[in-house]
Amino acid sequence: MLLDALNPHPADGLLALMSLYAADTRRSKLDLGVGVYRTEAGATPVMTAVKQAEWKLLQAQGSKSYLGPEGDLEFVRALQPLVFGATLVADLGARLTGVQTVGGTGALRLAADLVAGASPGHVLWLGTPSWPNHTPVFAASGLRVRSYRQFDAAAQGFDLAATLAALERAGAGDLVLLHGCCHNPTGADPSAEEWEQVIEVIVRRGLLPLVDIAYQGLGRDPESDAWALRRLVECVPQALVAYSCDKNFGLYRERVGALYVVAASGAAAAAASSHLAAHARASYSMPADHGAAVVRTILGDASLRAAWSEELRGMAARVNGIRGALAALGQVGAIELSPLARQRGLFALLPLPAAAIERLRIDHGVYMAGSGRINVAGLSMGAVARFGDALRTVQTAVAA
Ligand code: LMR
């Protein structure tokens, strides 16, 4: 029997870590695992503007009838100026199209389905380390993933030389996955000058960029965090942008995202849009409505939007405060934490051996990904020193 022949699939590392954390009864435990924002008190609350938008929707929404495979197109349009800026949206005109997706992951999968549908086995270049789910998502669509190193572990920064060398090897039309901001898992984004060099190769070699942007506003602010994406889109004839509202609107389990296509012409954008609808219809028919309706409501209401912006600003400030406090610890055992001050977003990648990561969990109740990634937002100011002590202790223990 076919199903009897299946062996258990290995669990997703991050999701398995969530279960281990939940089962730990120690009050002092620290969750630096899955990428969700946390307050000083360790909570991931529903944002105030989201609650208010939900209340408005509850009163105003008159129907829950089907929308269609594109989802809520008002949401897709309302989000455009936040992602691309109003000027670029106007300049792109009919060359820009989009659909609502099932979170950022759904946007990545739909992008991959679109490309693989047009060109089976198309090559995608992925700088590593990257989000562990990138390769499974792209491979599931039948793309061929080629990886290259994009992180200089010694310098704890973006590896420009390795990235440029890989892109020079890519074939014309190959897809290139780029993190728009707040790199997951390293926090190390290219500088503006480095972005210019990456964009120059992409344009010259006719590569097709796929930008994954899931943390807009959690790095510096929404405008600065979108700078690279906008600069890239200005320069290339075509691009794909996978956007997530799960983090910056705190809507994680509602799965709210969008896939935007920038095509060379309005006609090409319309054709791409029809393929996106067909791919969505074949895999889940239509995305769920609620989260997108919440985002649309917030973006369309001046006072809700102001409240959301202010709360997001506070979230980024807290994350950057923790980054600063970690960076101020300097050298902790063999690990230099000062680069965390110039990295951005929720994540940093610590070069820790697996045995030390295990000791952190077992001896100190500190949960972090097996890759050495920490979610900075999982720390409170009060816990930074304790985390530093635990980091030093486990390194000494595993070296002994
Ligand atoms: C993460 O990287 O922790 C988040 O993007 C959550 C996920 O789905 O992996």
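Computed from a predicted structure; not experimentally measured.

S.K.: Mind laying out the packing of aromatic side chains, listing which residues take part and the relevant values?
M.R.: Summed over the entire model, instances satisfying the criterion amount to 4 aromatic pairs. The interplanar angle of 85 degrees and the centroid separation of 5.6 Å between the aromatic rings of tyrosine 215 and phenylalanine 347 together place this pair among those described as edge-to-face. Residue tyrosine 215 is found in the loop between strand S8 (208–213) and helix H9 (222–225), and its partner phenylalanine 347 is found in strand S13 (residues 347–349); the two are separated by 132 residues along the sequence. Each member of the pair, tyrosine 215 as well as phenylalanine 347, is classed as buried. Between phenylalanine 249 and tryptophan 308 the ring centres are 4.3 Å apart and the planes differ by 5 degrees, which places this aromatic pair in the stacked class. Residue phenylalanine 249 is located in the loop between strand S9 (239–244) and strand S10 (256–262), and its partner tryptophan 308 is located in helix H13 (residues 302–328); the two are separated by 59 residues in the primary sequence. Each member of the pair phenylalanine 249 and tryptophan 308 is classed as buried. Positioned above the aromatic ring of tyrosine 21 is the side chain of lysine 29, whose terminal nitrogen or guanidinium carbon lies 4.3 Å from the ring centre.

S.K.: Pulling in residues and values, what's your account of the site of the ligand?
M.R.: All residues in the neighbourhood of the ligand are listed as Leu14, Val34, Gly35, Trp131, Asn184, Tyr215, Lys247 and Arg373. A distance of 2.7 Å is found between an oxygen atom of the ligand and a backbone nitrogen or oxygen belonging to glycine 35. Protein contacts shield 77% of the accessible area of the ligand, which totals 260 Å² for the unbound molecule. In this structure, the ligand is accommodated by the largest pocket.

S.K.: Go over unusual backbone geometry, please, and point to the residues and values.
M.R.: Looking along the chain, the bond that leaves threonine 128 and enters proline 129 is cis, with omega of -5 degrees. By the secondary structure assignment, proline 129 is in the loop between strand S3 (123–128) and helix H6 (134–140). At the junction of asparagine 184 and proline 185, the peptide bond is cis and its omega measures out at 25 degrees in the coordinates. Inspection of the secondary structure assignment puts proline 185 in the loop between strand S7 (175–179) and helix H8 (192–204).

S.K.: Summarise the domain arrangement of the protein; cite the residues concerned and give the values.
M.R.: As far as domains go, the protein holds domain 1 (11–45 + 304–399) and domain 2 (66–300). Here domain 1 and domain 2 have C-alpha centroids that lie 26 Å from each other. Counting the surface lost from both domain 1 and domain 2, the interface buries some 2,300 Å², and carbon and sulfur atoms represent 59% of this. For domain 1, the biggest contributors to the area lost against domain 2 are Trp308, Arg344 and Leu349; these three give 29% of the whole. At the junction of domain 1 with domain 2, the criterion picks out 0 salt bridges. Joining domain 1 to domain 2, the criterion identifies 9 residue pairs in polar contact (both at pLDDT 80 or more).

S.K.: Can you tell me about the pattern of salt bridges, naming the residues and giving the values?
M.R.: Scanning the model with the defined rule gives 17 salt bridges in all. In this structure, arginine 109 engages aspartate 113 in a salt bridge whose closest nitrogen and oxygen atoms are separated by 3.2 Å. Of this pair, arginine 109 and aspartate 113 both sit in helix H5 (residues 103–118), 4 residues apart, roughly one helical turn. Ionic pairing is found between aspartate 389 and arginine 392, a salt bridge with its closest N-O pair at 3.4 Å. Linking aspartate 389 with arginine 392, this pair stays in helix H15 (residues 381–399), spanning 3 residues, or about one helical turn. Here the salt bridges share partners, and the residues they tie into one network are Glu168, Glu200, Arg204 and Arg205.

S.K.: Can you lay out the side chain of asparagine 184 for me, pointing to particular residues and giving the numbers?
M.R.: Of note, asparagine 184 is situated in the loop between S7 and H8. Its relative accessible area of 6% is what places asparagine 184 among the buried residues. Here asparagine 184 is in contact with Ser130, Trp131, His179, Tyr215, Phe347 and Arg373, once residues within four sequence places are set aside.

The rules we used
Residues numbered from 1 in each chain as written. Predicted model: local features only at pLDDT ≥ 70, side-chain atom pairs only at ≥ 80, totals over all residues. Heavy atoms only, no water. Phe/Tyr/Trp six-rings, centres within 6.5 Å; stacked < 30°, edge-to-face > 60°. Helix = DSSP H or I, 4+ residues; strand = E, 2+ residues; numbered from the N terminus. Buried < 20%, exposed > 50% of the residue type's maximum accessible area, 1.4 Å probe, protein only. Lys NZ or Arg CZ within 6 Å of the ring centre and 35° of its normal. Near = heavy atom within 4 Å. Polar contact = N/O pair within 3.5 Å; in protein donor to acceptor, adjacent residues only side chain to side chain. Areas by Shrake-Rupley, 256 points an atom, 1.4 Å probe, with all protein chains shown as cover. 1 Å grid on protein atoms, 1.4 Å probe; cavity = no way out; pocket = protein on both sides within 12 Å on 5 of 7 lines; lining within 4 Å. Sits in = over half its atoms within 2 Å of the grid points. Domains from an automatic or database assignment. Buried area = accessible area lost by both parts, 1.4 Å probe. Salt bridge = Lys/Arg side-chain N within 4 Å of Asp/Glu carboxyl O. Contact = heavy atoms within 4.5 Å.

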